[in-house]
Amino acid sequence: MKAMILAAGLGQRMRPLTDHLPKPLLSVGGKPLLEYHLESLAKAGIVEVIINLAYLGEKIRDFAKSGEKFGLQIRYSEEPEPLETAGALFNALDLLGDEPFLLLNGDVWTDYPLDNLAKYRLDKNEDAHLVLVPNPDFHPNGDFSPNANGKLENNPQLEKYTFAGISLIHPRLINNYPEKRLKFPLGEVLRHAIEHNRISAEIFRGGWSDVGTPQRLAQLDAQLGSNFGKQ
């Protein structure tokens, strides 16, 4: 199984921290966000990793290189400009192949055990399996609603949860989307597939943070630093 890390964003809300450093290389708890993902993927037995690059991409390449120091084989999907989340997948399909792959947002931190997702098997009626988390204060309305069977529905009577930026994706999710184009968001594709009952999900209640602002970065850094100090 392969994995892809989305790392091409501009990180505009993180400025000035991202003026000279791409968001996945911002440090919390003493190491870059990207390093946590690479270590977790290696621990889960994932070897082949694709990272998409655009904004300050050379710094990500200089940091991760071939992946050897992490026990990985890293390849890079170059983008002339950020292609948004689904555009990045469309651009990288040749590298990703024909089998399901793990997809991680490069700007989140989590202690979710990726081996759980690596072991999950999509059936022929599933195009993706998402990890959802309880809604954080900065996103109180959530994104998606799972039903009792774990399938996502557009049902206002169901509770909404927040997409964690962690998922298992089959390439057909992108290939079969009728409005794919150079730049387009993954949320648009997922909502189309949800209408056809093709997306499942699980709820994770462990450690997770969308490091979307300097304040949240500082909070996570303090939290991880405190935890490390207790070890």
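See the structure shown above.
The rules we used
Residues numbered from 1 in each chain as written. Predicted model: local features only at pLDDT ≥ 70, side-chain atom pairs only at ≥ 80, totals over all residues. Heavy atoms only, no water. 1 Å grid on protein atoms, 1.4 Å probe; cavity = no way out; pocket = protein on both sides within 12 Å on 5 of 7 lines; lining within 4 Å. Points joined across faces, edges and corners; volume = space filled by probe spheres on them. Helix = DSSP H or I, 4+ residues; strand = E, 2+ residues; numbered from the N terminus. Nonpolar A, V, L, I, M, F, W, Y, C, P; charged D, E, K, R; others polar. Contact = heavy atoms within 4.5 Å. Core = buried A, V, L, I, M, F, W, Y, C linked by side-chain atoms within 4.5 Å. Buried < 20%, exposed > 50% of the residue type's maximum accessible area, 1.4 Å probe, protein only. Salt bridge = Lys/Arg side-chain N within 4 Å of Asp/Glu carboxyl O. Pairing = 2+ DSSP bridges. Phe/Tyr/Trp six-rings, centres within 6.5 Å; stacked < 30°, edge-to-face > 60°. Lys NZ or Arg CZ within 6 Å of the ring centre and 35° of its normal.

Chemist: Outline empty space enclosed by the protein, supporting the account with residue identities and numerical values.
Modeler: Taken as a whole and judged by the stated rule, the model has one cavity of 30 Å³ or more. Within this model, the largest cavity holds a volume of roughly 40 Å³. Ranked by the residues each element gives to the lining of the largest cavity, the list is headed by helix α1 (residues 33-43), at three residues. Grouping the constituent residues of the lining of the largest cavity by class yields five nonpolar, three polar and no charged.

Chemist: Account for the environment of D107, with residues named and values stated.
Modeler: Locating D107 in the fold gives a position in the loop between β6 (101-105) and β7 (108-110). As a C-alpha pair, D107 and H37 span 70 residues in sequence and 9.7 Å in three-dimensional space. Excluding its chain neighbours within four sequence positions, the residues that come into contact with D107 are K23, L33, S209, D210 and V211.

Chemist: Tell me about the layout of surface pockets, and name the residues and values.
Modeler: Empty pockets left among the atoms are what a rolling probe the size of a water molecule brings to light. Size it by volume and the largest pocket reaches roughly 980 Å³. Lining the largest pocket are 38 residues, and of these R13, K23, T85, N105 and D107 sit closest to its centre. Of all the elements in the fold, those that place two or more residues in the lining of the largest pocket are α3 (84-91), β11 (162-169), α7 (186-195) and β13 (208-210). Each residue belonging to the lining of the largest pocket can be placed in one class, and the counts come to 17 nonpolar, 11 polar and 10 charged. When its volume is computed, the second largest pocket comes out at roughly 330 Å³. Around the second largest pocket, the lining comprises 15 residues; the ones closest to its centre are Y36, S40, K43, T110 and D111. Of all elements in the fold, only α1, β7, α5 (114-119) and α8 (214-230) reach the threshold of two or more residues within the lining of the second largest pocket. Looking at the lining of the second largest pocket, the element that brings in the most residues is α1, giving four residues. When its residues are assigned to classes, the lining of the second largest pocket shows eight nonpolar, two polar and five charged.

Chemist: So what about the nonpolar core? Which residues, and what values?
Modeler: Within the largest apolar cluster, 34 residues are counted, with the highest numbers of intra-cluster contacts made by L38, L41, V49, I51 and I166. Core analysis: the next-biggest nonpolar cluster, separate from the first, contains 30 residues, A88, L132, L190 and I194 among them.

Chemist: How would you explain the pattern of salt bridges if you had to name every residue and give the values?
Modeler: Using the criterion set out here, one finds nine salt bridges in the structure. As a salt-bridge pair, R198 and D127 come within 2.9 Å of each other at their nearest N and O atoms. Here R198, found in the loop between α7 and β12 (199-203), pairs with D127, found in the loop between α5 and β8 (128-133); they are 71 residues apart in sequence, far enough to count as distant. Residue R198 is classed as partly exposed on the basis of its relative accessible area, which comes to 22%. For the salt bridge of R181 with E188, the shortest nitrogen-to-oxygen distance reads 2.9 Å. Looking at E188, the relative accessible area reads 25%, which means it is partly exposed.

Chemist: Go over the environment of H170 with me, naming the residues and quoting the values.
Modeler: Along the polypeptide, H170 turns up in the loop between β11 and α6 (172-175). Here the alpha-carbon distance between H170 and A128, two residues 42 residues apart in the chain, equals 6.0 Å. Residues within four places of H170 in sequence aside, it is in contact with D98, P100, L122 and D127.

Chemist: Describe the pairing of strand β5 (residues 73-78), and please don't skip the residues or the numbers.
Modeler: Bridge count between strand β4 (residues 48-53) and β5: six bridges; the pairing is parallel. Across the sheet, residue I50 finds its bridge partner in β5, namely R75.

Chemist: Account for the packing of aromatic side chains, naming residues and giving values.
Modeler: Applying the stated criterion to the full structure yields six aromatic pairs. Plain terms: the ring middles of F63 and F70 are 6.0 Å apart, the flat faces sit at 45° to each other, and that makes the pair tilted. F70 matches F63 in its accessibility class, with the two residues each being buried. With a centroid separation of 6.4 Å and an interplanar angle of 70°, the aromatic rings of F90 and F184 are classed as edge-to-face. With F90 in helix α3 and F184 in the loop between α6 and α7, the pair connects residues that are 94 residues apart, well separated along the chain. The exposure class assigned to F90 is partly exposed, which follows from its relative accessible area of 32%. Linked through ring pairs, F90, Y177 and F184 together constitute an aromatic cluster. A cation over an aromatic ring shows up here: K69 above the ring of F63, its NZ or CZ 4.6 Å from the ring centre.

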